[in-house]
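For reference, the chains in residue letters:
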Amino acid sequence: MIQVFAFYLFAGITLLSGAMTIASRNPVHSVLWLIFAFFNAAGLMVLVGAEFIAMLLVIVYVGAVSVLFLFVVMMLDIDFVQLRRGVYAYLWPGLALAAALAIEIFIAVGAWQTGPIALGRRIAPTPQGKPNIEAIGELLYSRYLYIFEAAGLVLLVAMIGAIVLTHRKRQGVKPQNIARQIARRPEEAVRNVNQPVGQGVEL
């Protein structure tokens, strides 16, 4: 009984948060509603036993993507009034996309109600008594190790490319010469002066 109540609670709040994400006029409030939707979606994943996906939703989407959206919205000077004026130009493509997604959802629900799909022997069952995260970790670091390493390499190249593209050389900025700072001696940096009384310090 408590599982059914928790499911409807998380699902209802997720739908409400998604609707408020779209309906909010303030973009900061939209991002906050989006974060709230991610948290409740993570709760739904915990209910079905997918703890790994729940952790991804909290760590990756809430901890990185949503916070990045929030920082971009708050730091950039965006004219949202001008952006809202162009919404009507994309109204019909947006409605067509929404209708296509609704049809896919109805098809998925109908296929789910007909019963489980026979996937053959390609899908290995989860061992009994072993957590979902442990089972995924063993499979990821054994059978799919090279694919996992290749994905990490692709992300590393993308990160380096983003740094290179956004790096700008500013004019009139004095760079730091670490080798010159290390090679400097105390007698070059300190000067002992017998300062007379009543006179200012000469720099």
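Residues numbered from 1 in each chain as written. Predicted model: local features only at pLDDT ≥ 70, side-chain atom pairs only at ≥ 80, totals over all residues. Heavy atoms only, no water.

1. Quick look at the overall build of the protein
Here is step 1 of the chain: If you tally the helices and strands in the protein, you get 9 helices and 0 strands.
Here is step 2 of the chain: Reading the secondary structure of the protein in the N-to-C direction produces α-α-α-α-α-α-α-α-α.
Here is step 3 of the chain: Per-residue burial for the protein yields a buried fraction of 12% across its 203 residues.
Here is step 4 of the chain: Contacts in the protein between residues far apart in sequence, at least 24 positions, make up 54% of those at least 6 positions apart. (Helix = DSSP H or I, 4+ residues; strand = E, 2+ residues; numbered from the N terminus. Buried < 20%, exposed > 50% of the residue type's maximum accessible area, 1.4 Å probe, protein only. Contact = heavy atoms within 4.5 Å.)

2. Re the packing of helix 2 (residues 27-47) against helix 3 (residues 51-75)
Here is step 1 of the chain: Interhelical geometry of helix 2 versus helix 3 gives an angle of 175° and a closest axis separation of 8 Å. Considering the angle they form, helix 2 stands roughly antiparallel to helix 3. For the pair formed by helix 2 and helix 3, the contact residues are Pro27, Val28, Val31, Leu32, Leu34, Ile35, Phe38, Phe39, Ala41, Ala42, Met45 and Val46 on the first element and Glu51, Ile53, Ala54, Leu57, Val58, Tyr61, Val62, Ser66, Phe69, Leu70, Val73 and Met74 on the second.
Here is step 2 of the chain: When the residues that make up the contact of helix 2 with helix 3 are grouped by side-chain class, the tally is 22 nonpolar, 1 polar and 1 charged. (Axes fitted to C-alpha atoms, helices over the stretch in contact; angles between N-to-C directions. Parallel < 35°, antiparallel > 145°, perpendicular 65-115°, else oblique. Nonpolar A, V, L, I, M, F, W, Y, C, P; charged D, E, K, R; others polar.)

3. A word on the nonpolar core
The nonpolar side chains of a soluble globular protein tend to be buried with one another.
Here is step 1 of the chain: Residues Val31, Ile35, Phe38, Ala41, Ala42, Ala54, Leu57, Val62, Leu70 and Val73 constitute the largest nonpolar core, which totals 10 residues.
Here is step 2 of the chain: Residues in contact with Ala54, not counting those within four places in the same chain, are Ala42, Met45 and Val46. (Core = buried A, V, L, I, M, F, W, Y, C linked by side-chain atoms within 4.5 Å.)

4. Points about the packing of aromatic side chains
Here is step 1 of the chain: Per the counting criterion, the structure on display carries 4 aromatic pairs.
Here is step 2 of the chain: A ring pair is formed by Phe7 and Tyr8, whose centres lie 5.3 Å apart and whose planes are at 75°; its orientation type is edge-to-face.
Here is step 3 of the chain: An angle of 70° between the planes, with centres 5.2 Å apart, marks the rings of Tyr141 and Phe148 as edge-to-face.
Here is step 4 of the chain: Phe148 gets classed as partly exposed once you look at its relative accessible area, which sits at 34%. (Phe/Tyr/Trp six-rings, centres within 6.5 Å; stacked < 30°, edge-to-face > 60°.)

5. Section: the side chain of Ser17
Here is step 1 of the chain: With respect to the element layout, Ser17 can be found in helix 1 (residues 2-23).
Here is step 2 of the chain: Once residues lying within four places of it in the same chain are set aside, the contact partners of Ser17 are Trp33, Phe36 and Ala37.

6. Focus: the side chain of Ser24
Here is step 1 of the chain: Mapped onto the secondary structure, Ser24 falls in the loop between helix 1 and helix 2.
Here is step 2 of the chain: Engagement of the side chain of Ser24 in a polar contact is seen with the backbone oxygen of Met20, the distance being 2.5 Å. (Polar contact = N/O pair within 3.5 Å; in protein donor to acceptor, adjacent residues only side chain to side chain.)

7. A closer look at the confidence of the model for the protein
Here is step 1 of the chain: In this model, the protein carries a mean pLDDT of 79, and residues with pLDDT of at least 70 account for 85%.
Here is step 2 of the chain: Of all secondary-structure elements in the protein, the lowest mean pLDDT belongs to helix 4 (residues 80-85), at 66, while helix 7 (residues 145-166) reaches the highest, 89. (pLDDT = per-residue confidence, 0-100.)

8. What to know about the packing of helix 3 against helix 6 (residues 132-140)
Here is step 1 of the chain: Viewed as axis vectors pointing N to C, helix 3 and helix 6 meet at an angle of 90°, and their least axial separation amounts to 7 Å. It follows from the interaxial angle that helix 3 and helix 6 lie roughly perpendicular. When helix 3 is examined against helix 6, the residues Glu51, Phe52 and Met55 are found in contact with a partner set consisting of Asn132, Ile133 and Ile136.
Here is step 2 of the chain: Counted by class, the contact of helix 3 with helix 6 contains 4 nonpolar, 1 polar and 1 charged residues.

9. Focus on a nonpolar patch on the surface
Here is step 1 of the chain: On the surface, a cluster of nonpolar side chains totalling about 650 Å² of accessible area is made up of Phe39, Met55, Leu56, Val58, Ile59, Val60, Tyr61 and Ile133.
Here is step 2 of the chain: Broken down by element, the residue count for the nonpolar patch peaks at 6 residues, all from helix 3.
Here is step 3 of the chain: Looking at where Met55 falls in the secondary structure, it is placed in helix 3. (Patch = residues over 30% accessible without salt bridge, like charges linked within 9 Å, V, L, I, M, F, W, Y side chains within 5 Å. Areas by Shrake-Rupley, 256 points an atom, 1.4 Å probe, with all protein chains shown as cover. Salt bridge = Lys/Arg side-chain N within 4 Å of Asp/Glu carboxyl O.)

10. Examining the environment of Phe7
Here is step 1 of the chain: When you line up the elements, Phe7 lands in helix 1.
Here is step 2 of the chain: On the basis of relative accessible area, Phe7 is assigned to the partly exposed category, the value being 43%.
Here is step 3 of the chain: Not counting residues up to four positions away in its chain, the partners in contact with Phe7 are Leu44 and Leu47.

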